[in-house]
Amino acid sequence: MSIWWSLHLRREAASVPLARRLLLGTMETAGVDPDISFDLSVALSEACANAVEHGGGGEIPDDTEAYHVTAYLDGDCCRIEVTDSGPGFPPATVARRRPSLAEHGRGLHLIAELADHVRFRNRPGRGAVVSFDKMLKWRDDALLKVS
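Attention here is on the structure that accompanies the text. (Residues numbered from 1 in each chain as written. Predicted model: local features only at pLDDT ≥ 70, side-chain atom pairs only at ≥ 80, totals over all residues. Heavy atoms only, no water.)

Examining the side chain of Thr26
Then comes step 1: In this fold, Thr26 is placed in helix α1 (residues 15-30).
Then comes step 2: By relative accessible area, Thr26 is classed as buried at 14%.
Then comes step 3: Setting aside residues up to four positions removed in sequence, Thr26 forms contacts with Ile3, Trp5 and Leu73. (Helix = DSSP H or I, 4+ residues; strand = E, 2+ residues; numbered from the N terminus. Buried < 20%, exposed > 50% of the residue type's maximum accessible area, 1.4 Å probe, protein only. Contact = heavy atoms within 4.5 Å.)

Laid out in structure tokens, this is it:
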């Protein structure tokens, strides 16, 4: 079974808990282990907070006030992508698998620590994308558990 959803959110602080609650609700309903759900919700909150703070100023005026979140639960893996319209990541961040705390605040580092795989990339002239994956563990009573 696969589930995916996508949000188009305004770059406002109030959008961060909205995205987090939607993710937590989806995972709880599906039967994902609460510890895994918590880790992913913290990573999502950090990615959204970065998009709110740094994600504007792209070349397309309508997109500078919004960012996008897409979550995929597919089999035993969850992938989350947060896309903004900002100036993008510095080249050193895109080149590394794990960001250095010396280069950035704790948000990107925390995302990398909470996820199994993370990627920071730029869309030239259109913003940045943070994508991260985590293998799922399921509660015994999970509705969507992969057999």
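Back to the write-up after that little detour.
Some words on the sheet that holds strand β1 (residues 2-10)
Then comes step 1: Strand order in the open sheet formed by five strands is β1-β2-β3-β5-β4, and the pairing between neighbours is antiparallel. Every other strand in the sheet has two partners, leaving β1 and β4 (117-123) as the edge strands with one partner each. The mean inter-strand angle of the sheet, taken between neighbouring strand axes irrespective of direction, is 10°.
Then comes step 2: As judged from the nine bridges shared by β1 and strand β2 (residues 66-74), these two strands associate in the antiparallel manner. What sits directly across from Ile3, in β2, is Leu73.
Then comes step 3: Packed on one face of the sheet, α1 meets β1, β2 and β3 (77-83) and runs near 170° to β1. (Pairing = 2+ DSSP bridges. Axes fitted to C-alpha atoms, helices over the stretch in contact; angles between N-to-C directions.)

Comments concerning the pairing of strand β5 (residues 127-135)
Then comes step 1: Among the nine residues of β5, eight are classified as buried, and the element is accordingly described as predominantly covered.
Then comes step 2: Of the strand pairs in this sheet, β3 and β5 are connected by seven bridges, and their pairing is antiparallel. Bridge pairing in β5 links Val82 to Val130.
Then comes step 3: Note that β4 and β5 share seven bridges and pair antiparallel. Each residue of the ladder has a partner; that of Phe120, found in β5, is Val130.

Some remarks on the side chain of Asp84
Then comes step 1: Within the secondary structure, Asp84 sits in the loop between β3 and α3 (91-95).
Then comes step 2: This buried residue, Asp84, is left without a salt bridge; Arg123 holds the nearest opposite charge, at 6.0 Å.
Then comes step 3: With residues near it in sequence (within four places) discarded, Asp84 still touches Ala51, Gly55, Tyr67, Arg123, Arg126, Gly127 and Ala128. (Lys, Arg positive; Asp, Glu negative; His and termini not counted. Salt bridge = Lys/Arg side-chain N within 4 Å of Asp/Glu carboxyl O.)

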